[in-house]
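# Notes for the structure review
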Amino acid sequence: MLYVVLFFLIFSLYLYVLLGGADYGAGIVELFSSEENQKITKKTIYRVMGPVWEANHIWIIILIVILWIAFPVYYNIIVVSLHIPLTIVLLGVTLRGVAFVFRHYDAIIDNSQQLYDRMFKVSSLITPVFLGMVFGGLINGKITIVDDVASITFYQAFVAPWFNGFSILVGFFFAALCAFLSSVLLIGESDEGQENIYVRKSGIATVVVFVIGLVTIVYGYIFEYTFVTYFLQNIYAIGAMLLSGLLLVPLWFTIKRGNKIWSRFFAGFQVFLILLAALITHFPYIIITTTGNISLLDHIAPDSVIRVLGISLIIGGAVILPGLFHLLKSFKMIKILEQH
Amino acid sequence: MENLDAARLQMAFTLIFHIVFACIGMVMPFFMVVSHYKWLKTKNELYLTLTKSWQKGVAIFFVTGAVSGTALSFELGLLWPEFMKHAGPIIGMPFSLEGAAFFVEAIALGFYLYGWNKLPEKFHWFTGIIIGVSGVASGILVVAANGWMNAPSGFDYIDGEFLNIDPVQAMLNPAWFTQALHMTLAAFTATGFAVAGIHAYQVYKKRKVALHKEAFKIAITFGAIAAILQPISGDISAKDIAERQPVKLAAMEAHYHTEKGAPLYIGGIVDEVTQKVDYKIAIPGMLSFLAFGDFDAEVKGLNDFPEDERPNVPMVHYAFQIMIGIGSLLMLAGMIYFISLKKKKWLTSNKYWIFFIVLAPFGFIALEAGWIVTEVGRQPWIIHKIMRTKDAVTPMPGIVFSFYMYVVVYTALSIAVTWLMIRQIKVLNAIK
């Protein structure tokens, strides 16, 4: 059953990164668009994301719930050391969610739209940046584990783990990935003649992802981050990264050919590989602290808990996944399915 | 402000808001599907207009409920990491099922909101039912987790360790049913009266009277039925608490001295120094009867419990009085509504509509008061008799700043949502 739980943990993480990421990315794309393109993007986002965006964000709740049930000690370290960036993420999630609904459900369209738009765009960028910083915080080796936090400074305990160059780079890297996913997705959903806006955005996002990714690794190498050292020594991680880079060729080919299914598949698979590279680099030692590594597999909840959780997840998955698939099919992917 | 106080205030504050959003998001779908059903049956445009207007309300409240709920799922750990470290695995089951129910609700909502003219009529309507049912299921599951804090079960507590964990038994703890029943009825009462009150105001103002009267009827029918059933559930809860958490019952009634044939105090001002309640109405033997079904039964007083195991008595007592008082008032109002179905003349009287306008916020006031009784009444424990709240709080200092942040954000959010609702109604009234 532990494998079932681990599967759902990683599965939710992946779906959150892919679906939630594309969702955040839509706001980022809108943020970095000209005024006219913003209007087009806003309309497209509503049509594409409207029916599914709520579902996209529930994956993080599933992720958190699995963490606290099955890996309570690990969860405890995250919520204590990374309290501040997580609070900012929550603020971002809140503002973004309400802004999305306000701008589409306000009965009167007037100047307040500008406020909703600004809230939506800015929080679409800030939230994934801080989410990335949380992930960076787990792997950058700055988390200090002590019995009594009063024995170290506030900065050491609650700020240093996430407020540093490496984490900030990881934050922006994740935001760039979101923008990349979203622009590829939007190519297939835009109206006739508007594809080029997103083709261009995909190009820019690809360059940004590559540059930030490279800078992150170089930065980590220079300052001798344990994670980066592991990464550079792990042949599978490097392989996954290289494959992800090579896939840019078929990606661009399919985009130029206007093949929407394959271009999405390649973009999604590239992000899958990048996350895979990060995960295999340090799995199961998900948290790297100042004094050593903490394995996800240490301090697991008792068997009885894992068993019940596994069964709940299988039942929940059996109910949710077909429903979700049907929802995606009915709305988001409807255009594509019609064409093929 | 002490970190513990700030953390408790933040939790209370965010819960108070979440509860309102969540209840409306949970109950309004039922109003919506009733109106939708009437539209399918009668093809009267009025019902279609009403359904579409309510669905916007559902969408807005669902999202505010969902984001404040997401925040809470993190806050549990952010504010009470020691609690979650031990309790997380034990009460994880209702939370994981709640996650699934919530997911189903979000999927159904996607179908419903975007399914007009795209999905088969009956299937579309049915997705509305799923929104409502999964919403109520979510509510019940979360309350079951809270029930565990009041009635911890499904584990052995040996030398500070939680052993032999049985998540199913923990979920089906002795408090889950009484609490879930009471809360579900409360959600229907509060939302029913609030929505009915808003439409009553429109009728009173003579705006689109036919439409708002129909809306009023649908909402108040749910609210009135729930309000009339609530005292039964309250009685079950009282007997349950008398047995399991006698100190909470004693605080609810500000009952300091153990006695047989204990009187029920209605209202009154608690004097903690003299341990007396002034200006109250006392009904002899009634507390004993309500708690144990016997007018002579012995009811334990607060003095029977160590001082460091008692909650804040005045707060619990006043909150309880408010809840009971409003509950009785709403039950009466529910009866008045059903009588008015026979006496149609009442509906033309302004007084009738003003009565229901005034009642609009009361259900929610009672509901919040009820949660104050449950939560403050459990103190100083976060897990009854197992873990103290002060031992669960985060070691990170300065929680007071995040508390202030939540106050600002949630207050702004509430103002924004209210403003949006006013605009919805304006537009609704302007439709020809």
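Anyway, here's the lowdown on the structure attached to this text.

Each helix and strand in chain B was counted, giving 14 helices and 10 strands. The C-alpha radius of gyration computed for chain B amounts to 23 Å, which stays within 12% of the reference 22 Å derived for 432 residues, consistent with globular compactness. Taking the principal axes of the C-alpha coordinates as reference, chain B spans close to 65 × 45 × 40 Å. Buried positions account for 58% of the 432 residues belonging to chain B. Considering only contacts in chain B between residues 6 or more positions apart, those separated by 24 or more positions represent 77%. Roughly 17700 Å² of accessible area belongs to chain B as shown, and the carbon and sulfur atoms make up 67% of that amount. Placing the 35 positive and 31 negative side-chain charges of chain B at their respective mean positions leaves the two points 21 Å apart.

Check the secondary structure of chain A and you find 15 helices and two strands. In terms of overall dimensions, chain A has C-alpha extents of about 60 × 45 × 40 Å along its principal axes. Put simply, chain A has 340 residues, and 61% of those count as buried. Separation between the mean location of the 19 positive side-chain charges and that of the 18 negative ones in chain A comes to 8 Å.

Our next topic: helix α8 (residues 209-244) of chain B. Here α8(B) contains 36 residues, and its C-alpha end-to-end distance of 50 Å stays within 8% of the 52 Å for a straight helix at 1.5 Å per residue. Within α8(B), the axis deviates most sharply at B:Gln230, by approximately 35°, and proline B:Pro231 lies no more than four positions further along.

Interfaces are often described in size by the accessible area the parts lose on coming together. At the junction of the two partners, chain A supplies 60 residues and chain B supplies 59 residues. For the chain A face of the interface with chain B, the top three residues by lost area are A:Trp68, A:Leu90 and A:Tyr105, together amounting to 14%. A:Asp110 is the salt-bridge partner of B:Arg423, the closest N and O atoms lying 3.0 Å from each other. If you look at where chain A meets chain B, you find five residue pairs in polar contact (both at pLDDT 80 or more). Among the secondary structure elements, those contributing two or more residues to the side of chain A that touches chain B are α3 (53-70), α4 (72-81), α5 (83-105), α6 (112-139), α7 (154-159) and α14 (303-332) of chain A. The residue inventory of the side of chain A that touches chain B, partitioned by class, reads 44 nonpolar, 13 polar and three charged.

Residue and element names in this part refer to chain A. There is a patch of nonpolar side chains on the surface, built from Val207, Phe210, Val211, Leu214, Val215, Val218, Tyr221, Ile222, Phe223 and Leu232 and spanning about 1000 Å² of accessible area. If one sorts the elements of the nonpolar patch by residue count, helix α9 (residues 195-222) sits on top with eight residues. Relative to the helices and strands, phenylalanine 223 resides in the loop between α9 and α10 (226-233). Using a relative accessible area of 53% as the deciding quantity, one classes phenylalanine 223 as exposed.

It is worth spelling out the side chain of A:Ser112 at this point. Mapped onto the secondary structure, A:Ser112 falls in helix α6. Separated by 2.3 Å, the side chains of A:Ser112 and A:Asp110 make a polar contact. In contact with A:Ser112, other than residues within four places in its own chain, are A:Asp106, B:Trp419 and B:Arg423.

All names here are of chain B. As for its position among the elements, glycine 160 is in the loop between β1 (156-158) and β2 (161-163). For glycine 160, a relative accessible area of 40% puts it in the partly exposed group. C-alpha separation for the pair glycine 160 and threonine 394, spaced 234 residues apart in sequence, amounts to 19 Å.

All right, on to the nonpolar core then. Within the largest apolar cluster, 238 residues are counted, with the highest numbers of intra-cluster contacts made by A:Phe71, B:Phe83, B:Trp148 and B:Phe356. Ranked by the residues each element gives to this core, the list is headed by helix α2 (residues 45-79) of chain B, at 19 residues. Those residues in contact with B:Phe83, other than ones at most four positions away along the chain, are B:Gly88, B:Ile91, B:Trp148, B:Met149, B:Ile382, B:Ile383, B:Met387 and B:Ala392. In this structure, B:Val247, B:Ala254, B:Val299 and B:Val313 belong to the second largest nonpolar core, which totals 27 residues.

What follows is about the packing of helix α7 (residues 176-204) of chain B against helix α13 (residues 362-378) of chain B. All names here are of chain B. Between α7 and α13, whose axes approach to 8 Å, the crossing angle comes to 155°. Looking at the two axes, α7 sits roughly antiparallel to α13. The way α7 lies across α13 gives a crossing that is left-handed. When α7 is examined against α13, the residues Gln179, Met183, Ala186, Ala187, Ala190, Thr191 and Ala194 are found in contact with a partner set consisting of Gly363, Phe364, Leu367, Trp371 and Thr374. Grouping the amino acids of the contact of α7 with α13 by side-chain chemistry returns eight nonpolar, four polar and no charged.

Let us now look at the environment of B:Phe31. Residue and element names in this part refer to chain B. Within the element layout of this structure, phenylalanine 31 appears in helix α1 (residues 3-42). Under the relative-accessibility criterion, phenylalanine 31 is labelled buried at 0%. Taking the C-alpha atoms as reference points, phenylalanine 31 and leucine 78, 47 residues apart in sequence, are found 36 Å from one another. What phenylalanine 31 contacts, discounting residues up to four positions off in sequence, is Trp54, Thr191, Gly192, Val195, Ile218, Ala219 and Phe222.

Before going further, it helps to examine the packing of aromatic side chains. We describe a pair of aromatic rings using the distance from one ring centre to the other and the angle between the two ring planes. The final tally for this structure, using the stated rule, is 53 aromatic pairs over all chains. Taking the centre distance of 6.4 Å and the plane angle of 50° together, the rings of A:Phe130 and A:Trp162 count as tilted. Placement of A:Phe130 in helix α6 and of A:Trp162 in the loop between α7 and α8 (165-187) is noted, with a sequence separation of 32 residues between them. On the basis of relative accessibility, which here comes to 7%, the residue A:Trp162 falls in the buried class. Connected via pairs of aromatic rings, a cluster forms that spans B:Phe13, B:Phe17, B:Phe21, B:Phe61, B:Phe403, B:Tyr404, B:Tyr406 and B:Tyr410. Cation over ring: A:Arg103 sits above A:Phe120, and NZ or CZ is 4.2 Å from the ring centre.

The rules behind the values
- Residues numbered from 1 in each chain as written.
- Chains lettered and ligands numbered in written order.
- Predicted model: local features only at pLDDT ≥ 70, side-chain atom pairs only at ≥ 80, totals over all residues.
- Heavy atoms only, no water.
- Helix = DSSP H or I, 4+ residues; strand = E, 2+ residues; numbered from the N terminus.
- Rg over C-alpha atoms; globule rule 2.2 N^0.38 Å.
- Buried < 20%, exposed > 50% of the residue type's maximum accessible area, 1.4 Å probe, protein only.
- Contact = heavy atoms within 4.5 Å.
- Areas by Shrake-Rupley, 256 points an atom, 1.4 Å probe, with all protein chains shown as cover.
- Lys, Arg positive; Asp, Glu negative; His and termini not counted.
- Charge placed at Lys NZ, Arg CZ, Asp CG, Glu CD.
- Expected span 1.5 Å × (residues − 1).
- Bend = angle between axes of the 7 residues up to and from the residue.
- Buried area = accessible area lost by both parts, 1.4 Å probe.
- Salt bridge = Lys/Arg side-chain N within 4 Å of Asp/Glu carboxyl O.
- Polar contact = N/O pair within 3.5 Å; in protein donor to acceptor, adjacent residues only side chain to side chain.
- Nonpolar A, V, L, I, M, F, W, Y, C, P; charged D, E, K, R; others polar.
- Patch = residues over 30% accessible without salt bridge, like charges linked within 9 Å, V, L, I, M, F, W, Y side chains within 5 Å.
- Core = buried A, V, L, I, M, F, W, Y, C linked by side-chain atoms within 4.5 Å.
- Axes fitted to C-alpha atoms, helices over the stretch in contact; angles between N-to-C directions.
- Parallel < 35°, antiparallel > 145°, perpendicular 65-115°, else oblique.
- Left-handed = near helix turned anticlockwise from the far one by under 90°.
- Phe/Tyr/Trp six-rings, centres within 6.5 Å; stacked < 30°, edge-to-face > 60°.
- Lys NZ or Arg CZ within 6 Å of the ring centre and 35° of its normal.

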